[in-house]
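Take a look at the letters that make up each chain.
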Amino acid sequence: MTAEAHRYEVTESTLAYEGRIISVRRDQVRMPEGDVSQRDVVVHPGAVGVVALDDGGRVVMVHQYRHPVGGPLWELPAGILDVPGEPASVAAARELAEEAGLRADRYDLLVDVWSSPGMTDEAYRVFLARDLHEIPAAERYVPQHEEAEMGLARIDLDEAVARVLRGEITNAMAVVGLLATVRARTADFAGLRPLDAPWPARPAHRG
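To keep things clear, this report deals only with the structure shown in the data block. (Residues numbered from 1 in each chain as written. Predicted model: local features only at pLDDT ≥ 70, side-chain atom pairs only at ≥ 80, totals over all residues. Heavy atoms only, no water.)

**Brief notes about helix 3 (residues 172-186)**
With 15 residues, helix 3 should cover 21 Å at 1.5 Å per step; its first-to-last C-alpha distance of 22 Å lies within 8% of that length. For helix 3, the complete set of buried residues consists of Met173, Ala174, Gly177, Leu178, Ala180, Thr181 and Ala184. In an axial view of helix 3, the angular spread of the buried residues amounts to 165 degrees, which keeps them on one side of the axis. Facing away from the buried side of helix 3 by over 90 degrees, the exposed positions are Arg183 and Thr186. The N-cap residue of helix 3 is asparagine 171: its side-chain oxygen and the backbone nitrogen of methionine 173 are 3.1 Å apart. Phi for aspartate 188, located one or two positions after helix 3, is positive at around 55 degrees. (Helix = DSSP H or I, 4+ residues; strand = E, 2+ residues; numbered from the N terminus. Expected span 1.5 Å × (residues − 1). Buried < 20%, exposed > 50% of the residue type's maximum accessible area, 1.4 Å probe, protein only. Arc of directions from axis to C-beta. Polar contact = N/O pair within 3.5 Å; in protein donor to acceptor, adjacent residues only side chain to side chain.)

**Considerations on the nonpolar core**
Residues Val59, Met61, Leu110, Val126 and Leu178 are the most contacted members of the largest nonpolar core, which totals 25 residues. Counting residues per element, this core draws most heavily on helix 3, which supplies five residues. Residues within four places of valine 59 in sequence aside, it is in contact with Val51, Ala52, Leu53, Ala153, Arg154, Ile155, Leu157, Ala160 and Leu178. Counting residues in hydrophobic clusters, the runner-up holds 21 residues, among them Ala88, Leu96, Leu109 and Trp199. (Core = buried A, V, L, I, M, F, W, Y, C linked by side-chain atoms within 4.5 Å. Contact = heavy atoms within 4.5 Å.)

Set out below in C-alpha coordinates:
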(Lines give C-alpha, C1' and ligand atoms only; values in the text may rest on other atoms or scores of the structure.)
Protein backbone atom coordinates (compact mmCIF):
# COMPACT_ATOMS: atom_id res chain seq x y z
CA MET A 1 0.00 0.00 0.00
CA THR A 2 1.41 3.39 -0.97
CA ALA A 3 1.49 6.40 1.33
CA GLU A 4 -0.89 8.19 -1.03
CA ALA A 5 -3.48 5.40 -0.74
CA HIS A 6 -3.46 5.31 3.05
CA ARG A 7 -5.40 7.86 5.10
CA TYR A 8 -3.34 8.77 8.15
CA GLU A 9 -6.26 9.10 10.52
CA VAL A 10 -5.70 11.03 13.76
CA THR A 11 -7.41 8.94 16.42
CA GLU A 12 -6.61 11.31 19.29
CA SER A 13 -5.09 14.78 19.59
CA THR A 14 -4.05 16.65 22.74
CA LEU A 15 -2.29 19.93 23.49
CA ALA A 16 0.98 19.10 25.24
CA TYR A 17 2.34 22.65 25.52
CA GLU A 18 1.25 26.18 24.67
CA GLY A 19 3.71 29.06 24.54
CA ARG A 20 3.67 32.67 23.41
CA ILE A 21 4.28 31.82 19.74
CA ILE A 22 4.40 28.05 19.36
CA SER A 23 2.55 25.13 20.86
CA VAL A 24 3.07 21.37 20.74
CA ARG A 25 0.24 19.08 19.66
CA ARG A 26 0.42 15.36 20.40
CA ASP A 27 -1.36 13.24 17.79
CA GLN A 28 -2.04 9.53 17.73
CA VAL A 29 -1.94 8.52 14.06
CA ARG A 30 -3.05 5.28 12.43
CA MET A 31 -0.25 3.81 10.31
CA PRO A 32 -0.61 1.77 7.08
CA GLU A 33 -0.14 -1.55 8.90
CA GLY A 34 -2.97 -0.68 11.28
CA ASP A 35 -1.22 0.22 14.50
CA VAL A 36 -1.28 3.69 16.07
CA SER A 37 1.88 5.77 16.53
CA GLN A 38 2.47 9.06 18.38
CA ARG A 39 3.54 12.15 16.46
CA ASP A 40 4.42 15.40 18.23
CA VAL A 41 3.85 18.50 16.10
CA VAL A 42 5.23 21.97 16.76
CA VAL A 43 2.35 24.24 15.81
CA HIS A 44 3.57 27.51 14.33
CA PRO A 45 1.72 30.56 12.91
CA GLY A 46 3.86 30.68 9.76
CA ALA A 47 6.27 33.35 8.59
CA VAL A 48 7.31 35.61 5.74
CA GLY A 49 10.70 36.81 4.53
CA VAL A 50 11.96 39.35 2.02
CA VAL A 51 14.88 39.29 -0.39
CA ALA A 52 15.30 43.05 -0.84
CA LEU A 53 17.39 43.61 -3.96
CA ASP A 54 18.64 47.13 -4.65
CA ASP A 55 19.50 48.75 -7.99
CA GLY A 56 23.16 47.80 -7.53
CA GLY A 57 22.41 44.08 -7.27
CA ARG A 58 22.91 43.96 -3.50
CA VAL A 59 20.64 42.17 -1.03
CA VAL A 60 19.70 43.55 2.36
CA MET A 61 20.73 41.23 5.18
CA VAL A 62 20.20 41.51 8.92
CA HIS A 63 22.52 40.11 11.60
CA GLN A 64 20.42 38.96 14.56
CA TYR A 65 21.05 37.02 17.77
CA ARG A 66 19.14 33.74 17.86
CA HIS A 67 18.91 32.23 21.31
CA PRO A 68 18.26 28.58 20.31
CA VAL A 69 21.58 28.45 18.43
CA GLY A 70 23.44 30.63 20.92
CA GLY A 71 24.64 33.32 18.55
CA PRO A 72 23.87 35.71 15.69
CA LEU A 73 22.94 34.67 12.16
CA TRP A 74 22.83 36.50 8.85
CA GLU A 75 19.20 36.48 7.79
CA LEU A 76 16.61 38.08 5.54
CA PRO A 77 14.22 40.64 6.98
CA ALA A 78 11.46 38.34 8.20
CA GLY A 79 8.77 37.78 10.79
CA ILE A 80 5.89 35.61 11.89
CA LEU A 81 2.32 35.85 10.63
CA ASP A 82 0.78 37.10 13.85
CA VAL A 83 -2.01 39.33 12.50
CA PRO A 84 -5.13 37.22 11.78
CA GLY A 85 -6.23 37.41 8.17
CA GLU A 86 -3.39 39.68 7.08
CA PRO A 87 -2.12 38.99 3.53
CA ALA A 88 1.39 37.57 3.58
CA SER A 89 2.64 40.31 1.25
CA VAL A 90 1.45 43.00 3.66
CA ALA A 91 3.24 41.26 6.53
CA ALA A 92 6.41 41.07 4.43
CA ALA A 93 6.28 44.80 3.65
CA ARG A 94 5.88 45.56 7.35
CA GLU A 95 8.87 43.41 8.27
CA LEU A 96 11.03 45.10 5.63
CA ALA A 97 10.05 48.48 7.03
CA GLU A 98 10.62 47.52 10.66
CA GLU A 99 13.87 45.57 10.31
CA ALA A 100 15.55 47.38 7.42
CA GLY A 101 13.91 50.81 7.36
CA LEU A 102 12.92 50.30 3.73
CA ARG A 103 9.89 50.40 1.50
CA ALA A 104 9.69 48.78 -1.93
CA ASP A 105 7.70 49.85 -4.96
CA ARG A 106 7.71 46.34 -6.41
CA TYR A 107 7.08 42.97 -4.83
CA ASP A 108 7.01 39.53 -6.43
CA LEU A 109 6.35 36.13 -4.89
CA LEU A 110 9.61 34.20 -4.88
CA VAL A 111 9.20 30.82 -3.15
CA ASP A 112 7.13 28.82 -0.62
CA VAL A 113 8.78 26.48 1.89
CA TRP A 114 7.92 23.99 4.62
CA SER A 115 10.62 24.71 7.21
CA SER A 116 10.89 21.22 8.75
CA PRO A 117 7.86 19.07 7.89
CA GLY A 118 9.01 16.12 9.97
CA MET A 119 8.26 17.99 13.17
CA THR A 120 6.40 21.25 12.54
CA ASP A 121 3.63 22.72 10.42
CA GLU A 122 5.64 25.95 10.02
CA ALA A 123 5.47 27.24 6.47
CA TYR A 124 6.97 30.42 5.14
CA ARG A 125 6.63 32.50 2.01
CA VAL A 126 9.55 34.54 0.66
CA PHE A 127 9.05 37.64 -1.46
CA LEU A 128 11.38 39.54 -3.76
CA ALA A 129 11.33 43.30 -3.16
CA ARG A 130 12.81 45.79 -5.65
CA ASP A 131 12.80 49.54 -6.27
CA LEU A 132 13.80 50.21 -2.67
CA HIS A 133 13.76 53.52 -0.87
CA GLU A 134 14.64 54.58 2.66
CA ILE A 135 12.01 55.40 5.26
CA PRO A 136 12.70 58.77 6.92
CA ALA A 137 14.35 58.34 10.32
CA ALA A 138 11.48 60.00 12.17
CA GLU A 139 9.00 57.45 10.77
CA ARG A 140 11.00 54.31 11.51
CA TYR A 141 10.03 51.54 13.90
CA VAL A 142 11.93 51.49 17.20
CA PRO A 143 13.34 47.95 17.63
CA GLN A 144 13.12 46.01 20.90
CA HIS A 145 14.73 42.95 22.52
CA GLU A 146 17.13 41.12 20.17
CA GLU A 147 16.22 43.46 17.34
CA ALA A 148 17.65 46.42 19.27
CA GLU A 149 21.16 45.12 18.47
CA MET A 150 20.38 43.92 14.96
CA GLY A 151 23.04 44.66 12.37
CA LEU A 152 22.23 45.62 8.80
CA ALA A 153 24.26 45.22 5.61
CA ARG A 154 23.90 45.25 1.85
CA ILE A 155 25.78 42.41 0.21
CA ASP A 156 26.28 41.75 -3.49
CA LEU A 157 23.91 38.92 -4.43
CA ASP A 158 26.67 36.73 -5.89
CA GLU A 159 28.81 37.29 -2.80
CA ALA A 160 25.86 36.36 -0.58
CA VAL A 161 25.45 33.09 -2.49
CA ALA A 162 29.19 32.46 -2.15
CA ARG A 163 28.79 32.91 1.60
CA VAL A 164 25.98 30.36 1.56
CA LEU A 165 28.25 27.85 -0.15
CA ARG A 166 31.08 28.62 2.29
CA GLY A 167 28.76 27.89 5.21
CA GLU A 168 28.76 31.49 6.41
CA ILE A 169 25.05 32.09 5.80
CA THR A 170 23.15 29.18 7.29
CA ASN A 171 19.68 30.48 8.16
CA ALA A 172 17.37 28.27 6.10
CA MET A 173 15.09 31.04 4.86
CA ALA A 174 18.09 33.11 3.77
CA VAL A 175 19.68 30.15 1.98
CA VAL A 176 16.49 29.32 0.10
CA GLY A 177 15.67 32.94 -0.69
CA LEU A 178 19.13 33.84 -1.97
CA LEU A 179 19.45 30.75 -4.17
CA ALA A 180 15.94 31.26 -5.54
CA THR A 181 16.76 34.89 -6.36
CA VAL A 182 19.87 33.92 -8.31
CA ARG A 183 17.85 31.36 -10.24
CA ALA A 184 15.09 33.89 -10.94
CA ARG A 185 17.67 36.43 -12.12
CA THR A 186 18.84 34.07 -14.86
CA ALA A 187 15.35 34.32 -16.36
CA ASP A 188 15.26 38.10 -15.87
CA PHE A 189 12.72 37.51 -13.09
CA ALA A 190 10.11 36.32 -15.58
CA GLY A 191 7.51 33.79 -14.48
CA LEU A 192 7.36 34.70 -10.79
CA ARG A 193 3.95 34.13 -9.25
CA PRO A 194 1.60 36.98 -8.24
CA LEU A 195 1.55 38.10 -4.61
CA ASP A 196 -1.85 36.54 -3.96
CA ALA A 197 -1.06 33.14 -5.46
CA PRO A 198 -2.72 30.30 -3.53
CA TRP A 199 -0.78 29.19 -0.45
CA PRO A 200 -2.47 26.04 0.87
CA ALA A 201 0.47 25.40 3.22
CA ARG A 202 -0.17 28.58 5.22
CA PRO A 203 -1.07 27.47 8.76
CA ALA A 204 -4.78 27.99 9.27
CA HIS A 205 -4.80 28.03 13.09
CA ARG A 206 -3.82 31.71 13.31
CA GLY A 207 -4.88 34.19 10.66
